[in-house]
Amino acid sequence: MISGILRNPAYAGAFVYGRTKSCRTTYASGKLKTARCPMAEWKVVVKGRYPAYIDWDGFERIQAMLHDNHAEYQRNQTRGVPREGAAILQGITWCGRCGHKMSIQYKGGPRYVCNSLLNHQGKTLCQYLPADPIDAQVVAAFFAAIAPAEVEAWKRALNAWLQTDEALDRAEEQQVERLRYQALLAERQYNRVDPDNRLIAAELERRWERALRELRQAEEALTTRRATKSKSAMLTPEMDPRSGTA
């Protein structure tokens, strides 16, 4: 059902006529066989006819993926869909002797088998190779290839994080200094007021207390963040982004 939806052009809002064609052969019941036509051979394509779930470009990409996932390489010249099993090169291994696509067998241990000539021409088995040592070499080559890029990406991420952390630290320090100034200003205003003017004195006292409370909260937040940062630095190995060494 899912495959039928993905292959239906109405999913992309298009009306299509001529997706199939009649074949000359018939079933045992006498019914004429039909076959799907390639998209380039569809007779009528009217885009934007129905409400679309995806655009037409997305529909074409999906059709290409479905075609490429078809497992019959000899007939369709496609890669084939990845299948279950532990072999890493399953479906993408080619025989170095005859050039045919190799299959995988797991009975008695995983191995890559070239049996194309045996199956299609009745000849002897071309060759078979144990999968484990081949896969180990592939894994080693893969990590060797991505290691420089991975380290470089890690360095860029670390530099970006350090710059962000430094900017945040400066912003919090400036906030603490601003609140400290406001608290000192509120204290001066309170000390200068006439004690006999109780309403103004009470209001200035509340402002001073509020400024002190905000200053204390900002200082505690800055202290907590720096303590957490120091703890993380002790638990996590650091690397110098300029040298790439631990």
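Residues numbered from 1 in each chain as written. Predicted model: local features only at pLDDT ≥ 70, side-chain atom pairs only at ≥ 80, totals over all residues. Heavy atoms only, no water.

Can you help me understand the overall build of the protein in this one?
In terms of regular secondary structure, the protein is built from 6 helices and 7 strands. Counting every position in the protein, which comprises 246 residues, the buried fraction comes to 20%. Partitioning the contacts of the protein with sequence separation of at least 6, the portion at a separation of at least 24 is 42%. (Helix = DSSP H or I, 4+ residues; strand = E, 2+ residues; numbered from the N terminus. Buried < 20%, exposed > 50% of the residue type's maximum accessible area, 1.4 Å probe, protein only. Contact = heavy atoms within 4.5 Å.)

Where do I start with the pattern of salt bridges in this structure?
Note that side chains of opposite charge can pair when their charged atoms are close. Applying the stated criterion to the full structure yields 7 salt bridges. One salt bridge connects Glu219 with Arg180, and the closest N-O pair in it is separated by 2.8 Å. Taken together, the positions of Glu219 in helix α6 (residues 198-235) and Arg180 in helix α5 (residues 131-192) put the pair 39 residues apart, joining distant regions of the chain. Among the residues examined, Glu219 registers a relative accessible area of 29% and is labelled partly exposed. Of the residues examined, Arg180 reaches a relative accessible area of 30% and is grouped as partly exposed. One salt bridge connects Glu203 with Arg207, and the closest N-O pair in it is separated by 3.3 Å. One end of the pair, Glu203, and the other, Arg207, are both in helix α6, 4 residues apart, so they sit about a helical turn from each other. The partly exposed category is assigned to Glu203, whose relative accessible area is 28%. On the basis of relative accessibility, which here comes to 41%, the residue Arg207 falls in the partly exposed class. (Salt bridge = Lys/Arg side-chain N within 4 Å of Asp/Glu carboxyl O.)

How do you make sense of the sheet that holds strand β6 (residues 111-114) when you look at a structure like this?
Strand pairing within a sheet occurs via backbone hydrogen bonds; the two strands may be parallel or antiparallel. The strand order across the open sheet formed by 3 strands is β5-β6-β7, and the pairing between neighbours is antiparallel. Two strands lie at the open edges of the sheet, namely β5 (103-105) and β7 (127-130), each paired on one side alone. Direction aside, neighbouring strands of the sheet carry axes that sit 30° apart on average. Alignment of β6 against β7, held across 4 bridges, turns out to be antiparallel. Paired with Tyr112 across the bridge in β7 is Leu129. The strands touched by α5 within the sheet are β5, β6 and β7, with β7 carrying the most contacts at an inclination of about 65°. (Pairing = 2+ DSSP bridges. Axes fitted to C-alpha atoms, helices over the stretch in contact; angles between N-to-C directions.)

How should a nonpolar patch on the surface be read in this particular structure?
A cluster of nonpolar residues, Phe15, Tyr17, Val44, Val46 and Tyr50, forms a patch on the protein surface that exposes about 430 Å² of accessible area. Of all the secondary-structure elements, those providing two or more residues to the nonpolar patch are β1 (15-17) and β4 (44-46). On the secondary structure map, Val44 appears in strand β4. (Patch = residues over 30% accessible without salt bridge, like charges linked within 9 Å, V, L, I, M, F, W, Y side chains within 5 Å. Areas by Shrake-Rupley, 256 points an atom, 1.4 Å probe, with all protein chains shown as cover.)

Quick question: what am I supposed to make of the pairing of β6 here?
In the case of a regular strand, side chains alternate between the two sheet surfaces. As paired elements, β5 and β6 share 3 bridges and run antiparallel to each other. Directly across from Ser103, in β6, lies its bridge partner Val113. Counting the residues between successive antiparallel strands, the hairpin from β5 to β6 contains 5 residues, one of them, Gly108, with a positive phi of roughly 75°.

Where do I start with the packing of aromatic side chains in this structure?
Where two aromatic rings form a pair, the distance of their centres and the angle of their planes describe that pair. Throughout the structure, instances matching the rule amount to 4 aromatic pairs. Seen in terms of ring centroids, Tyr190 and Trp208 are 5.5 Å apart; in terms of plane orientation they differ by 35°. Their pairing is tilted. A residue pair is termed long-range when its members are at least 10 positions apart, and Tyr190 in helix α5 and Trp208 in helix α6 qualify at 18 residues. Geometry around Tyr128 places Arg111 over its ring, the cationic atom sitting 4.2 Å from the centre. (Phe/Tyr/Trp six-rings, centres within 6.5 Å; stacked < 30°, edge-to-face > 60°. Lys NZ or Arg CZ within 6 Å of the ring centre and 35° of its normal.)

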